[in-house]
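Coordinates in review
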Amino acid sequence: MKITEVKTYDLNYPLAEPFANSRVWCKARTAGVVEIITDAGVTGWGEGLTTPNRQEIDAHIIGRDPLDAAVIWNDLYAQGWGDIAAISAVDIALWDIAGKVRDMPVYRLLGGAFRHRIPAYASGLFMRNRPDNTGALADEARAYADAGFPAVKMKIGHGEDYDVESVAAVREAIGDDLLFAVDANCGYDVGTAIDVGRKIADSDIYWYEEPIEIENVSGYAEIRRALGMRIAGGEMLRGHRAFRNLIQGRGIDIVQPDISVAGGFTECRKVQAMASANGVRVLPHMWGTSIRLAATLHWQATIPDDPESLHPQPSLFEFDMTENALRTELALEPLRAVDGEVEVPQGPGLGIEIDRDLLERYSS
Ligand code: CA
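Each chain has its residues counted from 1, following the order in which its sequence is written. Only residues with pLDDT of at least 70 are given local features in this predicted model, and only at 80 or more are side-chain atom pairs given and counted; all residues enter the totals for whole chains, interfaces and linings. Excluded from the side-chain calculations are hydrogens and water; all other atoms, namely the structure's heavy atoms, are used.

**So, the pairing of strand β2 (residues 25–38)**
Summary of the burial criterion: residues with accessible area below 20% of their type's maximum are buried, those above 50% are exposed, and those between are partly exposed, where the area comes from a 1.4 Å probe applied to protein chains only. Numbering goes from the N terminus for both helices and strands, where a helix is a DSSP run of H or I of at least four residues and a strand is a run of E of at least two. In terms of burial, β2 is a largely internal element, ten of the 14 residues being buried. Between strand β1 (residues 3–20) and β2, which follow one another and run antiparallel, lie four residues. Should DSSP find at least two bridges between two strands, the strands are taken to pair. As judged from the six bridges shared by β2 and strand β3 (residues 43–48), these two strands associate in the antiparallel manner. Across the sheet, the residue bridging to Ile 36 is Gly 44, located in β3. Here β2 folds back onto β3 in antiparallel fashion, the turn holding four residues, of which Gly 41 has a positive phi close to 80 degrees.

**With respect to the sheet that holds β2**
In spatial order, the strands read β1-β2-β3; together these three strands make up an open sheet with antiparallel pairing. Every interior strand has two partners, whereas the edge strands, β1 and β3, have only one. On average, each strand axis in the sheet is tilted by 20 degrees relative to the strand beside it, whichever way the strands run. Judged from the 13 bridges that link them, β1 and β2 form a sheet pairing that is antiparallel. Residue pairing across strands places Tyr 13 opposite Arg 29, the latter belonging to β2. In this description, contact between two residues means that some pair of their heavy atoms is separated by no more than 4.5 Å. Structural elements are reduced to axes, namely lines fitted to C-alpha atoms, with helices fitted over the stretch in contact, and the angle between N-to-C directions of any two is expressed from 0 to 180 degrees. Contacting β1, β2 and β3, helix α3 (residues 84–102) crosses the sheet at an angle of about 150 degrees to β3.

**Regarding the coordination of the calcium ion**
Six octahedrally arranged donors around a metal ideally form angles of 90 or 180 degrees; four tetrahedrally arranged donors ideally form angles of 109.5 degrees. Donor criterion used throughout: N, O or S atom within 2.8 Å of the metal, extended to 3.2 Å for Na, K and Ca. Water excluded; incomplete-looking sites may result. Here the calcium ion is held by the protein donor atoms Asp 183 (OD), Glu 209 (OE) and Glu 235 (OE), which lie 2.2 to 2.3 Å from it. Sequence spacing of the donors to the calcium ion: D-x25-E-x25-E. Of this pair, Glu 209 sits in strand β7 (residues 207–209) while Glu 235 sits in the loop between β8 (231–233) and α9 (244–248), placing them 26 residues apart in sequence. Look at Glu 235 and you get buried, because its relative accessible area is 8%.

**Notes on the pattern of salt bridges**
Whenever Lys or Arg places a side-chain nitrogen within 4 Å of a carboxyl oxygen from Asp or Glu, that contact is recorded as a salt bridge. Across all of its chains, the model carries 23 salt bridges by this definition. For Arg 117, the salt bridge goes to Glu 341, with nearest N and O atoms at 2.8 Å. Taken together, the residues Arg 117 in strand β4 (residues 117–123) and Glu 341 in strand β13 (residues 341–343) connect sequence positions 224 residues apart. By relative accessible area, which is 29% here, Glu 341 ends up partly exposed. Here Lys 153 makes a salt bridge to Asp 183, at a shortest N to O gap of 4.0 Å. Residue Lys 153 is found in strand β5 (residues 151–155), and its partner Asp 183 is found in strand β6 (residues 179–183); the two are separated by 30 residues along the sequence. Across the pair, exposure class does not vary: Lys 153 and Asp 183 are buried alike. In the salt-bridge network here, residues are joined through shared partners; they are Lys 153, Lys 155, Asp 183, Glu 209 and Glu 318.

**Structural notes on unusual backbone geometry**
Residues other than glycine predominantly adopt negative phi, and peptide bonds predominantly adopt the trans conformation. Across the junction of Asp 306 and Pro 307, the peptide omega takes the value -10 degrees, indicating a cis bond. Of note, Pro 307 is situated in the loop between α11 (290–301) and β11 (317–320). Within the chain, Asp 103 stands out as a residue other than glycine whose phi angle is a positive 55 degrees. The class of Asp 103 is exposed, set by a relative accessible area of 58%. For Asn 185, which is not glycine, the phi torsion reads 45 degrees and is therefore positive. Considering the arrangement of structural elements, one finds Asn 185 in the loop between β6 and α7 (190–200).

**Regarding the packing of aromatic side chains**
Two aromatic rings from Phe, Tyr or Trp, using only the six-membered ring of Trp, form a pair when their centres are within 6.5 Å; if the ring planes differ by under 30 degrees the pair is stacked, by over 60 it is edge-to-face, and anything between is tilted. Enumeration over the complete set of coordinates arrives at ten aromatic pairs. Directly above the aromatic system of Trp 287 lies the positively charged group of Arg 29, at a separation of 3.5 Å from the ring centroid. We call a charge positioned over a ring when the NZ of a Lys or the CZ of an Arg lies within 6 Å of the ring centre and within 35 degrees of the ring normal.

**Observations concerning the environment of Ala 136**
Positionally, Ala 136 belongs in helix α5 (residues 133–146). When its relative accessible area of 18% is taken as the criterion, Ala 136 is described as buried. Spatially, the C-alpha atoms of Ala 136 and Tyr 9 are 35 Å apart, while their sequence positions differ by 127 residues.

Spatial relationships are all this shows, so hold off on functional conclusions.
Here it is in structure tokens:
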């Protein structure tokens, strides 16, 4: 079997209402999608934060055997493809092909699923330009609790006053039983991160995500020691070596590789092994189209419970609740959270069919 053609799609979905994390206002959702076509009549889909460029595809991918995913990964990297996010898209598409060729879901190729339904956390609660932002956050959080999510995550990093007031409002809205994570998107320095952490601690925070720049590994360790709170991060790191210091630095409890940023299935499994050896839990980051959603489900299904006991911490799936037709409509049969759980697709490969009309509509 050989790869005969690769198509790339730069997707852009403009938002009806922009929202902000601590660093940027998000006005559109974007993704790089690749479609890899083979001479066996099998086509694979992958997504990266970026798309590979045409010349590199023609020179290094066309004519290769698609079942050589790990070999192709290393070749692309060695060829100077510094953009691991684009390699991620290729790798995911090759695993989709491998599953379709063998007529089995990707999670089975990876050794089988520890769970077929994954409990999800509602990831949203961004800052928006509204007259009563705190009230709107409480309403949004209440809706997630009512929908049956066992956990929610909100954005902080907008200043101590904002964080303290809105975290308290969201905790009050969801009640005492739901797990509650906060995410500062690397928006603070060490001192502010510790101050904020102390002030919101009585809202029973399950994890504190990316309080500071991810490269500041000793800063993470300082925050973790000062707060005694679970610390999480790593969604923008690319390639398993980029995770090494963070995972070994005793600064995080939960590492969050993104399959479309870190390097696809091939690379994320290496990160997972390194995390396991260092006592760090893996909860993948997910922020993308139906393709990344499906790929993340397959990977997360294969990650063992942590700790491997009768009473593990929950393997929580990041379910993005914001407006994005690329996530809700790109797969002909959408992947949904029902009663706070998401079902792992059971079809061959990634287990999704792509809506080509939607793909063309949002291709730039
Ligand atoms: Ca995050």
